[in-house]
Amino acid sequence: MTQRSPDERSVLEAIEKDDAYQVIRVISDGASGRAELVMRGSDGPFMRKKYPLGFANTDVVARIKQLDEPLLPRVIEDYELPDCYVVVRDWVTGMSLEESIVRGRMAAPEAIAMMDDVSRAVGALHSVGVVHRDLTPGNIILARDGAHVIDFGIARIHVDNAMHDTTHLGTWGFAAPEQFGFAQTDARSDVYSLGRLLGYALTGIRPDDKRYEAALNDRRMVDPSMRAIVQHASAFEPSARYQSVGDLARALHDNTVSEDSLWYEFSIWRRLPLTVKSLVNPPRSQNKVASLIIGALTVLLACVFMVSFVESAMGMPTPVWQVTDTVFGFAFVMWGIVFTGQELIWLLMRYGEYAGCTRGRRIKRFLIRLAENLATGFAVMFVASLIANLIYGPRP
């Protein structure tokens, strides 16, 4: 029997480990690696990320494995194949912060609760010297047990006395300036990203959008005390920021939110269905022009169809009150159907097993927006037919 070298044996063992997983779905596949949703027999699902050799920091994974923090995904195992480094971790079921904002921005108390969880998870990373460097809305998962921080693909270990990072990576708008070569990243770099995340949650607008600053300075949208915390956390100079995620979390809890923000959080308005709120204030993620066009066409075509249907059924011109009655009933039923469909899509998107899938996320977003637009049209038609009934007086 041929004796294998230790290196050959370790490669064979890694291949056996890799083959034990069944790929359920490819989440993403790009230059930074391939992410897959996998099962191992009846165990799972898990997230398996395959990084190009030299891209992933194995020391980071080793330190994360030491942590026992439920808001960080548990590393199941890691191994090296001939062409890549593989990390298998828990799959976190839930919706990303980015997907959640599709439904509307967060009120201050809701954003503070989310930041509590994220700060706790990031603080655990900092306790073992790891800087995440990629705290973006897509990497914050809102699960039933809290907000989880995922994806450590560009995380690094802080090196004392280093002038700057070896690799300059990060998401524009959320990454700290030092990630692009100004200085070495440290815990304050993640504080910067958390400040940007907080601003995004409160405004519903990405920091790299030209509307962001105006929204952040709109006191009707962001309480001035909350804005001050966002600006302090995301100061350009690291020494001007909160010096730790703990300092940021304490500032949020010491903050006194104005009555306006508290009213919004506990008001009936916040609890209203999205389709009802969209009649008065369509969400920023919704295309208002498309909403107007689809709503108007829905009303026009439905009215023409119902008038033609009633007249053909009666065999004669139909009284206005009878047409409005029919349109009234039709609009009410259709609004109920579309509204129910929208809520079902939302539940699937929030709690579905594959909520993190990029393609699935785009399809579900499209369906939700389409349902919003159609429901808005039917709701307008419902109100218009009700007004018409009142105008044309009692039925004979």
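Read on for a plain summary of the structure. (Residues numbered from 1 in each chain as written. Predicted model: local features only at pLDDT ≥ 70, side-chain atom pairs only at ≥ 80, totals over all residues. Heavy atoms only, no water.)

Comments concerning the sheet that holds strand 9 (residues 146–149)
Here is step 1: Spatial ordering of the open sheet is given by 6-8-9, a layout of three strands whose pairing is antiparallel. The two strands at the open ends of the sheet, each matched to only one other strand, are strand 6 (95–96) and strand 9.
Here is step 2: Note: strand 8 (residues 140–143) against strand 9, four bridges, orientation antiparallel. Across the sheet, the residue bridging to L142 is A147, located in strand 9.
Here is step 3: Strands strand 8 and strand 9 of the sheet are contacted by helix 4 (residues 108–127), whose axis makes an angle of about 35 degrees with strand 9. (Pairing = 2+ DSSP bridges. Helix = DSSP H or I, 4+ residues; strand = E, 2+ residues; numbered from the N terminus. Contact = heavy atoms within 4.5 Å. Axes fitted to C-alpha atoms, helices over the stretch in contact; angles between N-to-C directions.)

Examining the sheet that holds strand 1 (residues 22–30)
Whenever strands of a sheet pair, they do so through backbone hydrogen bonds, lying parallel or antiparallel.
Here is step 1: Pairing is antiparallel in the open sheet, where five strands are placed in the order 1-2-3-5-4. Each having just a single partner strand, strand 1 and strand 4 (75–80) make up the two edges of the open sheet. On average, each strand axis in the sheet is inclined to that of its neighbour by 20 degrees, with strand direction left out of account.
Here is step 2: Sheet analysis places strand 3 (residues 43–52) next to strand 5 (residues 84–90), joined by seven bridges and oriented antiparallel. Looking at strand 5, one finds that R48 is bridged to V88.

Considering helix 5 (residues 187–203)
Here is step 1: Counted at 1.5 Å a residue, the expected span for helix 5 with its 17 residues is 24 Å, and the 25 Å between its end C-alpha atoms agrees.
Here is step 2: Within helix 5, 15 of the 17 residues are buried, leaving the element largely enclosed by the surrounding structure.
Here is step 3: Just past helix 5, the residue G204 takes up positive phi, approximately 75 degrees. (Expected span 1.5 Å × (residues − 1). Buried < 20%, exposed > 50% of the residue type's maximum accessible area, 1.4 Å probe, protein only.)

A look at the nonpolar core
Here is step 1: Within the largest apolar cluster, 56 residues are counted, with the highest numbers of intra-cluster contacts made by L97, M114, I140 and L198.
Here is step 2: Broken down by element, this core gets its largest block of residues, ten residues, from helix 4.
Here is step 3: Beyond its immediate sequence surroundings of up to four residues, L198 is in contact with A111, M115, M226, I229, V230 and L252.
Here is step 4: In this structure, V38, L81, C84 and V86 belong to the second largest nonpolar core, which totals nine residues. (Core = buried A, V, L, I, M, F, W, Y, C linked by side-chain atoms within 4.5 Å.)

Some remarks on a nonpolar patch on the surface
Here is step 1: A cluster of nonpolar side chains, contributed by V11, L12 and I15, occupies part of the molecular surface with about 190 Å² of accessible area.
Here is step 2: For I15, the location among the structural elements is in helix 1 (residues 6–19). (Patch = residues over 30% accessible without salt bridge, like charges linked within 9 Å, V, L, I, M, F, W, Y side chains within 5 Å. Areas by Shrake-Rupley, 256 points an atom, 1.4 Å probe, with all protein chains shown as cover. Salt bridge = Lys/Arg side-chain N within 4 Å of Asp/Glu carboxyl O.)

Focus on the packing of aromatic side chains
Here is step 1: All told, the structure shown has three aromatic pairs when counted by the stated rule.
Here is step 2: Geometrically, the ring pair formed by F174 and Y200 is edge-to-face, given 6.0 Å between the ring centres and 80 degrees between the ring planes. Within this pair, whereas F174 is found in the loop between strand 10 (156–157) and helix 5, its partner Y200 is found in helix 5, the two being separated by 26 residues in sequence. Note on accessibility: F174 and Y200 belong to one class, buried. (Phe/Tyr/Trp six-rings, centres within 6.5 Å; stacked < 30°, edge-to-face > 60°.)

Re the pattern of salt bridges
Here is step 1: A full pass over the atoms with the stated rule returns 15 salt bridges.
Here is step 2: Between D186 and R188 there is a salt bridge, with the nearest N and O atoms lying 2.9 Å from each other.
Here is step 3: You can call R188 partly exposed: its relative accessible area is 22%.
Here is step 4: A salt bridge links R211 to D209, with the shortest nitrogen-to-oxygen separation between them at 3.0 Å.
Here is step 5: On the basis of relative accessible area, R211 is assigned to the partly exposed category, the value being 39%.
Here is step 6: One salt-bridge network, in which partners are shared between bridges, spans D18, D29, R34, E36, R48 and K50.

Examining the packing of helix 7 (residues 224–233) against helix 8 (residues 245–254)
Here is step 1: The N-to-C vectors of helix 7 and helix 8 enclose an angle of 170 degrees; their axes lie 10 Å apart at closest approach. The orientation of helix 7 relative to helix 8 falls into the category roughly antiparallel. Residues M226, I229 and A233 of helix 7 touch helix 8, and the partners they reach there are L248, A251 and L252.
Here is step 2: Taken together, the residues of the contact of helix 7 with helix 8 sort by class into six nonpolar, no polar and no charged. (Parallel < 35°, antiparallel > 145°, perpendicular 65-115°, else oblique. Nonpolar A, V, L, I, M, F, W, Y, C, P; charged D, E, K, R; others polar.)

Details of the side chain of D117
Here is step 1: Along the chain, D117 falls in helix 4.
Here is step 2: One buried charged residue, D117, remains without a salt bridge, the closest side chain of opposite sign being R120 at 5.3 Å.
Here is step 3: Excluding its chain neighbours within four sequence positions, the residues that come into contact with D117 are L71, G146 and A147. (Lys, Arg positive; Asp, Glu negative; His and termini not counted.)

Here we look at the pairing of strand 3
A regular strand places its side chains on the two faces of the sheet in alternate fashion.
Here is step 1: Extensive coverage of strand 3 is indicated by the burial of seven of its ten residues.
Here is step 2: What sits between the antiparallel neighbours strand 2 (residues 33–40) and strand 3 is a turn of two residues, in which G41 has the positive phi angle 65 degrees.

Things to note about the environment of S10
Here is step 1: Summarising the element assignment, S10 is placed in helix 1.
Here is step 2: Residue classification places S10 among the partly exposed positions, given a relative accessible area of 36%.

Shape descriptors only; they carry no functional weight alone.
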